[in-house]
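If you want the building blocks of each chain, they are given just below.
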There are 2 protein chains.
Amino acid sequence: MTEPTQHGPIDWLDKVSDRMASQFRFLIEADRLKMVIRGSRIADGSRRENTAEHSWHLGLFAMVLSEWAVGPIDLFRVVQMLVLHDLVEIECGDTPLFDEAGSTTQATREAEAADALYGLLPLDQSHAFRSLWEEFEAATTPDARFAKAVDRLQPILLNHLVGGGTWLDYNVDVERERSLTCRIAEGAPALWGAAEAVIADAAARGWLKPAISMNPH
Amino acid sequence: MTEPTQHGPIDWLDKVSDRMASQFRFLIEADRLKMVIRGSRIADGSRRENTAEHSWHLGLFAMVLSEWAVGPIDLFRVVQMLVLHDLVEIECGDTPLFDEAGSTTQATREAEAADALYGLLPLDQSHAFRSLWEEFEAATTPDARFAKAVDRLQPILLNHLVGGGTWLDYNVDVERERSLTCRIAEGAPALWGAAEAVIADAAARGWLKPAISMNPH
């Protein structure tokens, strides 16, 4: 959880319509996503990624990789979902995929965060944006499944680029990694093929541990 | 200009199709945008903004503020333009609005950067994405004008939130600021109204100098 943003007075909002003022309050609050730090490093390994730049990268991933979606998608909806998908982390912080304790309470904490955050917007936009975010979380529509696929794929690439990343931080084995990311196949089978190649290479290099259940005989 | 990204071997790209490998090379190269530092601070003033998170913020600005566009726009095209609009900074770095020396060579440097960067993509995507970026730069279509409006508006808000920001860094006066940002009105007159309110307030607080040409008599 980040601290509430400390910034100067915004009484100039009195000079614009109530509707526009609500929109600016939301956009100013959203700036805090730049201070939410993820487990993943950026590609040169120099620092951890923040959630705002992660969300930008995913938008670009979706634009570039949309042809690999399992079926027809509405790419505009997908990109909007990805711009919005982690905004609740402003209140909740990032919950790494490998953090089991955090994951049990994640849904409740994020729903409360969504109330607070999307509640800043005019009612029509509040409903529309929150509904897109809930669709992403449920991951039952083709658009949401593709968005989820991209969100699972990007950290695999970053972990490999930096020589292990969160796989080493959390002592992850290859089967656990596969089980946590195989839903990529639901949104984009060809991208899951790429992810499997990256995971196999990471295992061969020792960045992912051998599967615990693996029986050599 | 950022250094070429140092990262681990990407020979796993041999396991995917040439087309997909080109797409991943582009997406990995794009990661460098997270290391391009802008003049603007993030809203709490704690550090400078990087161009990747700036691009995310602008996508959100466009989604929230689209109703204020001067005429009908295709919001999907606008959001894509904003995701792409600063990618050339990977090669060129950010050129602040107030940097006159940098601005004279900016177009040439950015065109060369676009050749290198978009050239990584498969030809169809290379053309499509570069064409969207060129449309943004030319700013003659309604979509590009709205995207430019948002790109000019966000730094004004951030400068005000942090108590002056690049206005103080560059000793900017109120008329210069207005002349550099008034094109917001071409894309979204109502947002220019908001920008004028912010600028007037900043001038009243001494964060923007009085206009040099102003005659008190």
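Use the structure listed above.
Criteria and thresholds
Residues numbered from 1 in each chain as written. Chains lettered and ligands numbered in written order. Predicted model: local features only at pLDDT ≥ 70, side-chain atom pairs only at ≥ 80, totals over all residues. Heavy atoms only, no water. Helix = DSSP H or I, 4+ residues; strand = E, 2+ residues; numbered from the N terminus. Rg over C-alpha atoms; globule rule 2.2 N^0.38 Å. Contact = heavy atoms within 4.5 Å. Areas by Shrake-Rupley, 256 points an atom, 1.4 Å probe, with all protein chains shown as cover. Lys, Arg positive; Asp, Glu negative; His and termini not counted. Charge placed at Lys NZ, Arg CZ, Asp CG, Glu CD. Axes fitted to C-alpha atoms, helices over the stretch in contact; angles between N-to-C directions. Parallel < 35°, antiparallel > 145°, perpendicular 65-115°, else oblique. Left-handed = near helix turned anticlockwise from the far one by under 90°. Buried area = accessible area lost by both parts, 1.4 Å probe. Salt bridge = Lys/Arg side-chain N within 4 Å of Asp/Glu carboxyl O. Nonpolar A, V, L, I, M, F, W, Y, C, P; charged D, E, K, R; others polar. Buried < 20%, exposed > 50% of the residue type's maximum accessible area, 1.4 Å probe, protein only. Polar contact = N/O pair within 3.5 Å; in protein donor to acceptor, adjacent residues only side chain to side chain.

### A word on the overall build of chain A
Turning to step 1, where the next piece is worked out: A count of helices and strands for chain A gives 11 helices and two strands.
Turning to step 2, where the next piece is worked out: When the elements of chain A are put in sequence order from the N terminus, they spell out α-β-β-α-α-α-α-α-α-α-α-α-α.
Turning to step 3, where the next piece is worked out: The C-alpha atoms of chain A give a radius of gyration of 19 Å, which matches the 17 Å a tight globule of 217 residues would have.
Turning to step 4, where the next piece is worked out: By its C-alpha atoms, chain A is 75 × 40 × 30 Å across when sized along the principal axes.
Turning to step 5, where the next piece is worked out: For chain A, long-range pairs separated by at least 24 residues make up 67% of all intrachain contacts whose partners lie at least 6 apart in sequence.
Turning to step 6, where the next piece is worked out: Only carbon and sulfur atoms are counted for the fraction: they give 53% of the accessible area of chain A, which is about 8600 Å².
Turning to step 7, where the next piece is worked out: Between the centroid of the 20 positive side chains of chain A and the centroid of its 33 negative side chains there is a distance of 2 Å.

### Describing the environment of Pro 72 of chain A
Turning to step 1, where the next piece is worked out: Among the structural elements, Pro 72 of chain A can be located in the loop between helix H2 (51–65) and helix H3 (75–84).
Turning to step 2, where the next piece is worked out: In this structure the C-alpha to C-alpha distance between Pro 72 of chain A and Arg 25 of chain A, which are 47 residues apart in sequence, comes to 36 Å.

### Observations regarding the packing of helix H7 (residues 142–161) of chain B against helix H11 (residues 189–204) of chain B
Residues and elements named next belong to chain B.
Turning to step 1, where the next piece is worked out: Where H7 meets H11, the closest approach of the two axes is 10 Å, and the angle between their N-to-C directions is 25°. The orientation of H7 relative to H11 falls into the category roughly parallel. Of the two elements, H7 crosses H11, and the hand of that crossing is left-handed. For the pair H7 and H11, contact is made by Phe 146, Leu 153, Ile 156, Leu 157 and His 160 and by Leu 191, Ala 195, Val 198, Ile 199, Asp 201 and Ala 202, respectively.

### Quick word on the interface of chain A and chain B
Many structure descriptions define interface size as the accessible area lost when the parts assemble.
Turning to step 1, where the next piece is worked out: Contacts between the two partners involve 65 residues from chain A, matched on the other side by 65 residues from chain B.
Turning to step 2, where the next piece is worked out: Here chain A meets chain B over a buried area of about 5500 Å², counting both sides, of which 74% is carbon and sulfur.
Turning to step 3, where the next piece is worked out: Applying the counting criterion to the chain A and chain B interface returns six salt bridges.
Turning to step 4, where the next piece is worked out: With a closest N to O distance of 3.1 Å, Arg 205 of chain A and Asp 11 of chain B form a salt bridge.
Turning to step 5, where the next piece is worked out: At the level of secondary structure, the elements contributing two or more residues to the side of chain A that touches chain B comprise helix H1 (18–30), strand E2 (48–50), H2, H3, helix H6 (123–138), helix H7 (142–161) and helix H11 (189–204) of chain A.
Turning to step 6, where the next piece is worked out: At 10 residues, the largest contribution of residues to the side of chain A that touches chain B is made by H2 of chain A.
Turning to step 7, where the next piece is worked out: Looking at the side of chain A that touches chain B residue by residue, the class counts come to 39 nonpolar, 14 polar and 12 charged.

### Structural notes on H3 of chain A
Turning to step 1, where the next piece is worked out: Burial analysis of H3 of chain A places nine of its 10 residues in the buried class, which makes it a mostly covered element.
Turning to step 2, where the next piece is worked out: Burial in H3 of chain A covers these residues: Leu 75, Phe 76, Val 78, Val 79, Gln 80, Met 81, Leu 82, Val 83 and Leu 84 of chain A.
Turning to step 3, where the next piece is worked out: Looking at the buried side of H3 of chain A, the elements it contacts are H2, helix H5 (100–118), H6 and H7 of chain A together with helix H2 (51–65) and helix H3 (75–84) of chain B.
Turning to step 4, where the next piece is worked out: The backbone nitrogen of Phe 76 of chain A lies 3.1 Å from a side-chain oxygen of the residue at the head of H3 of chain A, namely Asp 74 of chain A.

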